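Structure at a glance
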Amino acid sequence: MDMCTAEATASLLQVEETFSACLARINTLILKPLLQAEPSDQKGKENFKLLLLLNDRFQALCNLTEENYCMLKQKHSSSESFCIQDIYAVWKGDLFLNLYIQYFVTFANYVVVRGFEHATESKSEAWKHHKTVLKQFLTDFTSETSMSLALYTVLHKPIRDHIEHYILLLTKLNEVLKEGPEKDVVTSAIKEYVKLESFVSQVLDEACFTKSLWKSLSYKFTDMLCVPERRLLEDSKNLPISASTNRSDRVLLFDDVLVLIQGNSFQSFDLKLVWVDENCREKLAPGLYRLRIITPEETFFLSAKDPQMKAVWQWKLNQAVRQALNGKRDFPLWGKTGEGTKPPSCRFFTYVFRLEGKFKNTSYEGEWHWGKPHGKGTLKWHDGRNHVGDFKEGLEHGFGICLVPRKSEDRYDCYKCHWYEGKMRGYGICEYGNDMVYKGYFKDNVRQGFGILENFSAEHPFKYSGQWENDKKSGYGVWEDKDRGERYIGTWLDDHKHGQGIVVTQSGVCYQRTFHADKMVGSGILLLEDDSVYEGNFTEDLTFVGKGKLSFANGFILEGTFTNKSGQGLQTHGILNTSNEQLDDRITKVQLGLEEFPVEKRWKGIYDQFLEFIHSGCKEETEESFTGFHIQTSKELRKSQEYLFCQKGTEDVSWKTEDILEELVQHQELESLQSYLEKALKSSLHPLGKLLKALTIAFQATYSGIGANRHLLTMAQEEVKYYAKKIWEFYQGLLHLALEQKGQLPSKSMDEDTSDEKACSVVLPLILPCFYPELFMLYMLYHEREDDLYCQGIVDLSLFPDIKLLEFLDVQKHLWPLKDLTLTTNQRRSLIKDKCFLSATECLQKLITTVDPREKLVILQKTYEEIESTVSRVVEKDYRLPMDDLLPLLMYVVSRAK
């Protein structure tokens, strides 16, 4: 630095020396005596704590000033040249600013609670001893005759003056510096000290303004509202404005709350949850300019008589709200009127509702928008209920998890589902505290539509899959009683079996009856495990009673009256008809449920949800709630919900709603359509894939396990065909919507016959593999008698040696692969087994490892190719087998493959 710079730093050294000495005198003659006079009353003790904090801030200022002075003095006395780093006020500007801000904020807090007035009224001996000396000292600083005013002046004026000295000296220093980094640093420091000067002035003005308010209010209001840190920003007595008619006499805006005073009562509103709407559309009285104030539970108006007053209040309210949300005041506190950003309309805060309503006494922590819970949040009730999830305009809306404590147990019911305008609606999973789990649809907070209720407790395990109405089992449904090993397939009303029903037991017995409130009424049909069929009345333990007809599998028919007396067994009076001694398939393979449960009326709850989704225009926010049975756990449900908004998934194909509708239009040609539908139906994210998953679950609930009964085969076949028809209809609905959205006219709708044909030719082959395990089991049971005969024939044929079997099946000798019959010592060719057509036999044996019908057909084709390959090798030329040669050879291979 040059000579001018050295002079500037010398001046700064002198100022710091003088200021340091002044602080030392204030500390000795004022603060120490004040600290010795500790009061005994409660109010005095609270003020004394503030004084202790003020002293700490003062000592920090003293230490920093002394440190700065020592550094300057050391540099000044040495021959070393000065640099910016030697001036603490510049180089450590942030530290200086923070200490000054902390001091004046604490000083203002002490002023607000009239700390100096209370201190000078102290009656302690230490204070009395220093009072005379103190008065002489104070006259050097101020002409104030009041001791409290003199203390107020002494403890802030020298420090404010020192800030001015910093600004003046740094300005002089800046004038002599050359352009460069050091000049930029000093310029920046000057700006910050100018802001500090403005900040101090505003802090003291606010403190005096607030102090005057507390003096003017009654003790009741002061005791409840007066907080050392609270500042009055505006008063309707100072800048006239009034609240809604008869709402208040006075409006007070503090830095943390808005207060409305009326008579002897007041209301306060936390600024963090206050929204100011200047665009009031209500009709106004002439000469009134309104601001609408929105809070979580109340909305009211502030009215001014001229637009300028409204503008000032609006600006101050917005700045106060913004600063409250930031958790700190601006620096300086206020800019020019009209400047400053508006507070955000979206906020995060915790609030306890107090007024009457749905959320009375509940605590909400989460996101807000214009006075209402909106976004992610958590509601907590006093009774232990919790709701975590999405909110919209003050109500639960979207995905949410709700915990509801059970009254008699230390357990909770946990609802993980979708909500619409404050009520459960759409798909959800409820894990009850009594070990039951419900997966299905809700509407207006009750189970409605298709759903699955399962009891996992060891006491009485069961599973219900079917329709719900108003929280009760009503309509078509399947009930599995795991204790009794029974499955009921039929209609329900008000949680009771009611109407036509089929009961299938684990032992193979199956019967169809009419039920009324869980009780069997009228006659029915009972299919026994020995293929006998009973038509008539019977009890719950399947005992024949009253008139009935028993048809035996061998064709005999017993018709009469049946009784069952204790100790005497089953007795009958009737006629036994033995004229027909042939096995009657109409008896042994009778099919149930076809007329009683029309396929159109089964699983209506699943189809209705999909229709609702289409009718809504396939809105993305409703997609997850229309069907969610592709989800097995509540954790997956949460992930699936998040996918809707972030579009992240494990699948390569994008299944966004808009992409789905776009692709539907592009894949209308048959070949392209088949490929598209195959991908869609396999996807757990495509609506058609979700629908197929729900139907698969319903199908398994009916026909797997206990439900695998040969008397239900036709019922199952019809159901799968109808699935294909409905999926085709829903595809058509999606395509129709996609074309409409693109402004294209949909093609003329197909007639019913054409639609059914398309469903069978296009959709059925794609969905059949999903139902194949259950259908295959039903087919096996249906053809069990024929299969037994067939298997016995295979066993009998397998006993033949190779040559004997080929000869028995009339296979032409020139096709026999005799070269494959390798003989060992003492073996005869006529006794060798399992050597001919070995490759074809091994190929066919793979059939048992496959499930998909198409895979089985591939194995049959390869078996044929192996047979033909072996024959070509035997005849030493390419040989195409005619059916007369192929059939016996295939029978040979089948018998060897067993």
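Residues numbered from 1 in each chain as written. Predicted model: local features only at pLDDT ≥ 70, side-chain atom pairs only at ≥ 80, totals over all residues. Heavy atoms only, no water.

- As named in an unreviewed UniProt entry, the protein chain is ALS2 C-terminal like, taken from Otus sunia.

**Digging into the overall build of the protein chain**
- Counting secondary structure elements, the protein chain contains 25 helices and 27 strands.
- Within the protein chain, the proportion of its 898 residues that are buried is 47%.
- Entry remark: accessible area of the protein chain is about 45,900 Å², with carbon and sulfur atoms responsible for 51%. (Helix = DSSP H or I, 4+ residues; strand = E, 2+ residues; numbered from the N terminus. Buried < 20%, exposed > 50% of the residue type's maximum accessible area, 1.4 Å probe, protein only. Areas by Shrake-Rupley, 256 points an atom, 1.4 Å probe, with all protein chains shown as cover.)

**Examining the nonpolar core**
- Of all hydrophobic cores here, the largest spans 98 residues; its most connected members are Tyr100, Tyr103, Phe107, Ile159, Tyr193, Leu302 and Leu317.
- Broken down by element, this core gets its largest block of residues, twelve residues, from helix H9 (residues 181-216).
- Those residues in contact with Tyr100, other than ones at most four positions away along the chain, are Phe19, Leu61, Ile159, His162, Ile163, Tyr166 and Leu196.
- Core analysis: the second largest hydrophobic core is formed by 70 residues, Val504, Ala694, Ala724 and Ile767 among them. (Core = buried A, V, L, I, M, F, W, Y, C linked by side-chain atoms within 4.5 Å. Contact = heavy atoms within 4.5 Å.)

**A short note on the sheet that holds strand E1 (residues 232-235)**
- With antiparallel pairing, four strands are arranged side by side in an open sheet as E1-E3-E4-E5. Each edge of the open sheet is held by one strand with a lone partner, namely E1 and strand E5 (265-270). Geometrically, the sheet is characterised by an average inter-axis angle of 20° between neighbouring strands, direction not taken into account.
- Both strand E3 (residues 250-254) and strand E4 (residues 257-262) contribute to a ladder of four bridges, which runs antiparallel. Bridging from a neighbouring strand, Leu253 pairs with Leu258 of E4.
- Of the strands in this sheet, E1 and E3 are in contact with H9, which crosses E1 at around 60°.
- Against the sheet, helix H11 (residues 307-326) contacts E1, E3 and E4, and its axis sits at roughly 40° relative to E3. (Pairing = 2+ DSSP bridges. Axes fitted to C-alpha atoms, helices over the stretch in contact; angles between N-to-C directions.)

**Side note on a nonpolar patch on the surface**
- Residues Phe776, Met777 and Met780 make up a contiguous nonpolar surface patch of about 250 Å² in total accessible area.
- Its place among the elements puts Met780 in helix H20 (residues 752-782). (Patch = residues over 30% accessible without salt bridge, like charges linked within 9 Å, V, L, I, M, F, W, Y side chains within 5 Å. Salt bridge = Lys/Arg side-chain N within 4 Å of Asp/Glu carboxyl O.)

**Side note on the pattern of salt bridges**
- By the definition in use, this model includes 35 salt bridges.
- Notably, a salt bridge pairs Asp495 with Lys473, separated by 3.2 Å at the nearest N-O pair. With Asp495 in the loop between strand E20 (486-493) and strand E21 (496-505) and Lys473 in strand E19 (residues 472-481), this pair connects stretches of sequence that are 22 residues apart.
- The exposure class of Asp495 is partly exposed, given its relative accessible area of 30%.
- Exposure remark for Lys473: the relative accessible area of 9% places this residue in the buried category.
- Connected through salt bridges with shared partners, the residues Glu206, Asp255 and Arg329 form a single ionic network.

**Looking at the sheet that holds strand E7 (residues 289-294)**
- Ordered in space as E2-E8-E7-E6, the four strands form an open sheet in which the pairing is antiparallel. For this open sheet the edge positions go to strand E2 (242-243) and strand E6 (275-277), each flanked by a neighbour on one side alone.
- Two strands pair when backbone bridges link them, and E2 and strand E8 (residues 299-304) are joined in this way by two bridges, in the antiparallel orientation. Across the sheet, Ala243 pairs through a bridge with Leu302, a residue of E8.

**Focus on the pairing of E4**
- With five of six residues buried, E4 is to be regarded as a mostly interior element.
- Adjacent in sequence and paired antiparallel, E3 and E4 are bridged by two residues.
- Linking E4 to E5, which pair antiparallel, is a turn of two residues; within it Gly263 sits at a positive phi near 60°.

**Some details on the packing of aromatic side chains**
- For the structure on display, the rule yields 51 aromatic pairs.
- With centroids separated by 5.0 Å and ring planes inclined at 75°, the aromatic side chains of Tyr476 and Trp603 adopt a geometry described as edge-to-face. Linking Tyr476 in strand E19 with Trp603 in the loop between helix H12 (585-588) and helix H13 (604-615), this pair joins segments that are 127 residues apart in sequence. Neither Tyr476 nor Trp603 differs from the other in exposure class; each is buried.
- With a centroid separation of 6.2 Å and 40° between ring planes, the pair formed by Tyr607 and Phe730 is classed as tilted. With Tyr607 in helix H13 and Phe730 in helix H19 (residues 713-741), the pair connects residues that are 123 residues apart, well separated along the chain. Accessibility classification places Tyr607 together with Phe730 in one group, the buried group.
- Ring-pair connections join several aromatic residues into one group, and the members of that group are Tyr415, Tyr432, Tyr438, Phe442, Phe462, Tyr464, Trp468, Trp479, Tyr488, Trp492 and Phe515.
- Taking the ring centre of Tyr488 as reference, the NZ or CZ of Lys497 above it sits at 5.7 Å. (Phe/Tyr/Trp six-rings, centres within 6.5 Å; stacked < 30°, edge-to-face > 60°. Lys NZ or Arg CZ within 6 Å of the ring centre and 35° of its normal.)

**Side note on the state of the cysteines**
- Scanning the entire structure with this criterion turns up zero disulfides.
- Cys62 provides the cysteine sulfur closest to Cys22, a residue in no disulfide bond, and the two sulfurs are 9.4 Å apart. (Disulfide = S-S within 2.5 Å.)

**Description of the pairing of E19**
- Burial analysis of E19 places eight of its ten residues in the buried class, the great majority of the element.
- Pairing geometry for strand E18 (residues 462-469) and E19, over seven bridges, is antiparallel. Across the sheet, Lys463 pairs through a bridge with Glu480, a residue of E19.
- Between E18 and E19, which pair antiparallel in sequence order, lie two residues; one of them, Asn470, sits at a positive phi of approximately 55°.
- In terms of strand pairing, E19 meets E20 through seven bridges, oriented antiparallel.

**Concerning the packing of helix H17 (residues 670-682) against H19**
- Viewed as axis vectors pointing N to C, H17 and H19 meet at an angle of 105°, and their least axial separation amounts to 13 Å. For the element pair H17 / H19, the angle class is roughly perpendicular. Seen from H17, the contacting residues are Leu673, Leu677 and Leu681; seen from H19, they are Ile727, Trp728 and Tyr731. (Parallel < 35°, antiparallel > 145°, perpendicular 65-115°, else oblique.)

**Some points on the environment of Tyr69**
- By secondary structure assignment, the location of Tyr69 is in helix H2 (residues 42-77).
- The class of Tyr69 is buried, set by a relative accessible area of 12%.

**Things to note about the packing of helix H21 (residues 784-798) against helix H25 (residues 883-897)**
- Interhelical geometry of H21 versus H25 gives an angle of 95° and a closest axis separation of 8 Å. Comparing the axis directions of H21 and H25 gives the class roughly perpendicular. Packed against H21, whose contacting residues are Tyr790, Ile794, Leu797 and Ser798, the element H25 presents Val894, Ser895 and Arg896 at the interface.
- Looking at the contact of H21 with H25 residue by residue, the classes come out as four nonpolar, two polar and one charged. (Nonpolar A, V, L, I, M, F, W, Y, C, P; charged D, E, K, R; others polar.)

**Details of unusual backbone geometry**
- With an omega dihedral of -5°, the bond running from Phe331 to Pro332 counts as a cis peptide bond.
- With respect to the helices and strands, the residue Pro332 is situated in the loop between H11 and strand E9 (346-352).
- Notably, Asn361 is not glycine yet its phi reads approximately 65°, a positive angle.
- In this structure, Asn361 sits in the loop between E9 and strand E10 (363-369).

**Brief notes about the side chain of Ser798**
- Checked against the element boundaries, Ser798 lands in helix H21.
- Ser798 sits in the buried class, given a relative accessible area of 11%.
- Looking at Ser798, its side chain comes within polar contact range of the main-chain oxygen of Val795, at 2.6 Å. (Polar contact = N/O pair within 3.5 Å; in protein donor to acceptor, adjacent residues only side chain to side chain.)

**Some remarks on the side chain of Thr505**
- Within the fold, Thr505 resides in strand E21.
- Accessibility expressed as a relative area gives 10% for Thr505, which makes it buried.
- A distance of 3.0 Å separates a polar atom in the side chain of Thr505 from a polar atom in the side chain of Ser507.
- In this structure, Thr505 is in contact with Gly485, Glu486 and Ile706, ignoring residues within four places of it in sequence.

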